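Structural features, examined
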Amino acid sequence: MQTLSPNIYSRNFILDIYRGIAVLLMMIFHFCWDLREFGFIDYKLSDPFWVTFRSIILFLFLTAIGWAAYLSHKKPISSTHKTRQFLLRQRKLLAAAALISFATYTAFPYQWIYFGILHFILIVSFIHYPFASYPLISATIGLLIGIIYYSTDWLLFPNIYHFIINLGAPQNTLDIIYPFPWVACVFLGSILGQLSNQLEQSFHSHTLKPLLITHFFTWLGQNALSIYLLHQIILYGLVSLTAYLLVSFF
C-alpha cells in the first residue's frame, strides 16, 4: 500500500486535523440549530449538553488560533515578512467579520451578530501576537486567566451586556463571545503549537497511511474560514427548502 509523509500537507497537518474536527462539530451544531428553527427537533440552547457542545467547539477553535500563531512566528522568514503576513490575515478576518455582521443584519435585523467568533478572534489575535512565540509565558498567562475567572469574580462584567444594548446593539443576538474565559484558550494554544511542532518533526522518519478520514479533516482545517462563511447558507437553505416541500406536498 502506498504511504504518505506528513510533508504532503502544506501546513502543520496535526493542526489542520485539529481545526477540521472543530469545523465538523460546528457544522453539526448549526445543522441541529437549523432543524430546531424549523421544528424538526426540539431542545433548549441552555440545556447543559448544548452549552457544553458549544464550549468544546469554542475551545478547539480558539486554541487553534494560538497554535497557528506560534507556528507562524517560527517560520524561517524575516520579522517584517511575518508582520506583513499577520496583518494580511487580520484584514481578511476584518472583512469576514464585517460580512457576517452585514449578512445577519440584513437577514435578522433584531438578532444580528455584532461580536461573534470572528470579531473576537480579530481582537484577541492582536492581544496575543506579542506572546505567540513564547509558549510557556503564553500558557502561563492563559492558566492565570482561567484560574482567576473560575475562582474569583474579578473578570466578570455583569453590566457589559446592558452597556452594549444601550449603544444600540440588539437585545438578542445569534452569536456573542465574551472575552473571559475564552481569551485564555488562545494563550494556551501556543503551547499546543510547540508540542505539535515537536511531534510532527518526530514523524519525519515515518510514513502515514493515506486514510480518507485524514484527508477529510485536513481539508476542513485548511478551509475553515471559507467553510465558516458558507456552510450555514447551505445548511439553512437545505433545511428551509425541506420544510417548504413537506408543507407544500404533505
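Just so we're clear, the structure is a prediction, and the values are computed from it rather than from any experiment. Sequence positions are assigned chain by chain, starting from 1 and proceeding in written order. Side-chain atom pairs in this predicted model are given and counted only at pLDDT of 80 or more, local residue features only at pLDDT of at least 70, and totals for whole chains, interfaces and linings cover all residues. The side-chain quantities take in all heavy atoms of the structure and omit both hydrogens and water.

1. Here's the deal with helix H5 (residues 135-151)
To keep it simple, the criterion reads: Elements are defined by DSSP. Helices are runs of H or I of four residues or more, strands are runs of E of two residues or more, and each kind is numbered from the N terminus. Working rule for helices: expected span equals 1.5 Å times residues minus one. Remark: exposure states derive from per-residue accessible area (1.4 Å probe, protein chains only) relative to the maximum for the residue type, with buried under 20%, exposed over 50%, and partly exposed in between. Note that the arc is defined by the directions from the helix axis to the C-beta atoms.
The first and last C-alpha atoms of H5 sit 24 Å apart over 17 residues, in line with the 24 Å expected at 1.5 Å per residue. Among the residues of H5, those classed as buried are Pro-135, Ser-138, Ala-139, Gly-142, Ile-145 and Gly-146. Projected down its long axis, H5 carries its buried residues within an arc of 120°, all on one side. Facing away from the buried side of H5 by over 90 degrees, the exposed positions are Leu-136, Leu-143, Ile-147 and Ser-151.

2. Looking at the pattern of salt bridges
To keep it simple, the criterion reads: Only one rule defines a salt bridge in this text: a Lys or Arg side-chain nitrogen within 4 Å of an Asp or Glu carboxyl oxygen.
What the rule picks out here adds up to 3 salt bridges. Across the pair Arg-19 and Asp-16 runs a salt bridge whose closest N-O atoms are separated by 3.5 Å. Of this pair, Arg-19 and Asp-16 both sit in helix H1 (residues 13-37), 3 residues apart, roughly one helical turn. Pair check on accessibility: Arg-19 and Asp-16 agree, each one buried. One salt bridge in this structure joins Arg-36 and Glu-37, with 3.6 Å as the shortest N-O distance.

3. A word on the nonpolar core
Rules: For the purposes of this section, nonpolar cores are sets of buried Ala, Val, Leu, Ile, Met, Phe, Trp, Tyr and Cys residues that join through side-chain atoms within 4.5 Å. Any two residues whose heavy atoms approach within 4.5 Å are treated as being in contact.
Formed by 48 residues in total, the largest nonpolar core has its most connected members in Val-23, Met-26, Leu-62, Ile-117, Leu-118, Phe-120 and Trp-182. Breaking this core down by element, the ones donating at least two residues are H1, helix H2 (48-73), helix H3 (79-107), helix H4 (117-128), helix H7 (179-202), helix H8 (212-222) and helix H9 (224-249). Residues in contact with Val-23, not counting those within four places in the same chain, are Phe-61, Leu-220, Ala-224 and Ile-227.

4. Observations concerning the packing of aromatic side chains
Inclusion rule: Between 30 and 60 degrees the pair is tilted, below 30 it is stacked and above 60 it is edge-to-face, where a pair is any two Phe, Tyr or Trp rings, Trp via its six-membered ring, whose centres lie within 6.5 Å. Whether a charge sits over a ring depends on NZ of Lys or CZ of Arg being within 6 Å of the ring centre and within 35 degrees of the ring normal.
Going through the model one piece at a time under the given rule, you end up with 17 aromatic pairs. Where Phe-49 meets Trp-50, the ring centres are 5.0 Å apart and the plane angle is 90°; that geometry is what we call edge-to-face. Residue Phe-49 is classed as exposed on the basis of its relative accessible area of 57%. Classification of Trp-50 as buried rests on a relative accessible area of 11%. Taken together, the ring pairs connect Phe-29, Tyr-43, Phe-49, Trp-50 and Phe-53 into an aromatic cluster. Here Arg-36 stacks its cationic end above the ring of Tyr-43, 5.6 Å away from the centre of that ring.

5. Observations regarding unusual backbone geometry
At the junction of Phe-180 and Pro-181, the peptide bond is cis and its omega measures out at 5° in the coordinates. Relative to the assigned elements, Pro-181 resides in helix H7.

6. Concerning the side chain of Ser-138
Our working rule: For the purposes of these results, a polar contact is taken to be a pair of N or O atoms within 3.5 Å, where, inside protein, one atom must be able to donate a hydrogen and its partner to accept one; residues adjacent in sequence count only when each atom of the pair is a side-chain atom.
Summarising the element assignment, Ser-138 is placed in helix H5. Given a relative accessible area of 0%, Ser-138 falls into the buried group. Reaching out from Ser-138, the side chain makes a polar contact with the side chain of His-128 at a distance of 3.2 Å. At 2.6 Å, the side chain of Ser-138 forms a polar contact with the backbone oxygen of Phe-187.

7. What about the confidence of the model for the protein chain?
Stated formally: pLDDT: the predictor's confidence for each residue, scored from 0 to 100.
The predicted model of the protein chain has a mean per-residue pLDDT of 88, with 90% of residues at 70 or higher. Across the protein chain, H4 holds the top mean pLDDT of 96, while helix H6 (residues 160-166) sits lowest at 72. Confidence drops under pLDDT 50 across residues 1-10; counting only partners more than four residues distant or on other chains, this segment forms 18 contacts.

8. Quick word on the side chain of Ser-101
Within the secondary structure, Ser-101 sits in helix H3. Engagement of the side chain of Ser-101 in a polar contact is seen with the backbone oxygen of Ile-113, the distance being 2.8 Å. The residues contacting Ser-101, other than those within four sequence positions of it, are Trp-112, Ile-113, Tyr-114 and His-119.

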